[in-house]
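Observations on the three-dimensional arrangement
Chain residues, written in single-letter form:
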Amino acid sequence: MPSILAVDDSASMRQMVSFTLKNAGFTVVEAVDGLDAWDKADSRDFDLVLTDQNMPRMDGITLTQKLRGHPKFARTPILILTTESGDEMKRAGRAAGATGWLVKPFDPAKLIEVIGKVIR
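Residues numbered from 1 in each chain as written. Predicted model: local features only at pLDDT ≥ 70, side-chain atom pairs only at ≥ 80, totals over all residues. Heavy atoms only, no water.

**Observations concerning the nonpolar core**
Proteins that are soluble and globular tend to have nonpolar side chains buried together. Using the following cut-off: As used here, the term nonpolar core means buried Ala, Val, Leu, Ile, Met, Phe, Trp, Tyr and Cys residues forming a set that is joined through side-chain atoms within 4.5 Å. Categorising residues by exposure relies on relative accessible area from a 1.4 Å probe, with only protein chains included: less than 20% of the type maximum marks a residue as buried, more than 50% marks it as exposed, and the intermediate range marks it as partly exposed. Segments assigned H or I by DSSP are reported as helices when at least four residues long, segments assigned E as strands when at least two residues long, and all are numbered from the N terminus. What makes two residues a contact is simply this: any of their non-hydrogen atoms within 4.5 Å.
Core analysis: the largest hydrophobic core is formed by 17 residues, its most contacted members being Val 17, Leu 21, Leu 50 and Ile 115. Mapped onto this core, the elements with two or more residues apiece are β1 (3–7), α1 (11–23), β3 (48–51), β4 (78–82) and α5 (108–118). Not counting the four nearest positions on each side in its chain, Leu 21 is found in contact with Ile 4, Phe 26, Val 28, Leu 50, Leu 111, Ile 112 and Ile 115. The next biggest cluster of nonpolar side chains, apart from the first, holds 14 residues, and it includes Ala 41, Phe 46, Met 58 and Ile 78.

Here it is in structure tokens:
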């Protein structure tokens, strides 16, 4: 069963994402922000990271950059799920190493479809 690290500072958003992913058969570990995610990523492997962009302590693009710098996560799919939809922000995400960009509110079926296309 693939494991996903779901990162969002909104408890309700984490619950919705986690519920969607668990119902699709994934193991989900939740993190409250980028720093919490970085700590959790250090202690285990994940098949995919799904992160919000705007969070306290460490945002999604910074988390993506840090994960890409770690050999364990150099090739792990990283999806940014955020309310941000501007081209400049998307370019910054790609430059940081994000695999894809999804805009909130998310369609659960679309989220599962995109994950299915990028997960190993």
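So that's the structure; there's more coming.
**Here we look at the sheet that holds β4**
Condition: For two strands to be treated as a pair, DSSP must find no fewer than two bridges joining them. An axis is simply a line fitted to the C-alpha atoms; with a helix, the fit covers only the stretch in contact. Between two such axes, the angle follows the N-to-C directions and lies from 0 to 180 degrees.
One open sheet accounts for 5 strands, arranged β2-β1-β3-β4-β5; its pairing is parallel. Each end of this open sheet is capped by a strand with a single partner; those strands are β2 (27–31) and β5 (100–103). Averaged over all pairs of adjacent strands, the angle between their axes in this sheet comes to 20°, without regard to strand direction. Across 4 bridges, β1 lies against β3 in parallel orientation. Counted as the bridge partner of Val 7 is Thr 51 from β3. Along the sheet, α1 contacts β1, β2, β3 and β4; its crossing angle with β2, the most-contacted strand, is approximately 170°. Against the sheet, helix α2 (residues 34–43) makes contact with β1 and β2, and its axis sits at roughly 135° relative to β2, the strand it touches most.

**Side note on the packing of aromatic side chains**
Working definition: an aromatic ring pair is given by the centre-to-centre distance plus the angle between the planes. Selection criterion: Stacked, tilted and edge-to-face are the three classes applied to pairs of Phe, Tyr and Trp rings, where Trp contributes its six-membered ring and a pair requires centres within 6.5 Å; stacked means planes under 30 degrees apart, edge-to-face means over 60, and tilted covers the rest. Note on geometry: a ring has a charge over it if NZ (lysine) or CZ (arginine) is within 6 Å of the ring centre and within 35 degrees of the ring normal.
Tallying each qualifying case throughout the model produces 0 aromatic pairs. Taking NZ or CZ as reference, Lys 66 lies 4.6 Å from the ring centre of Trp 38, over its face.

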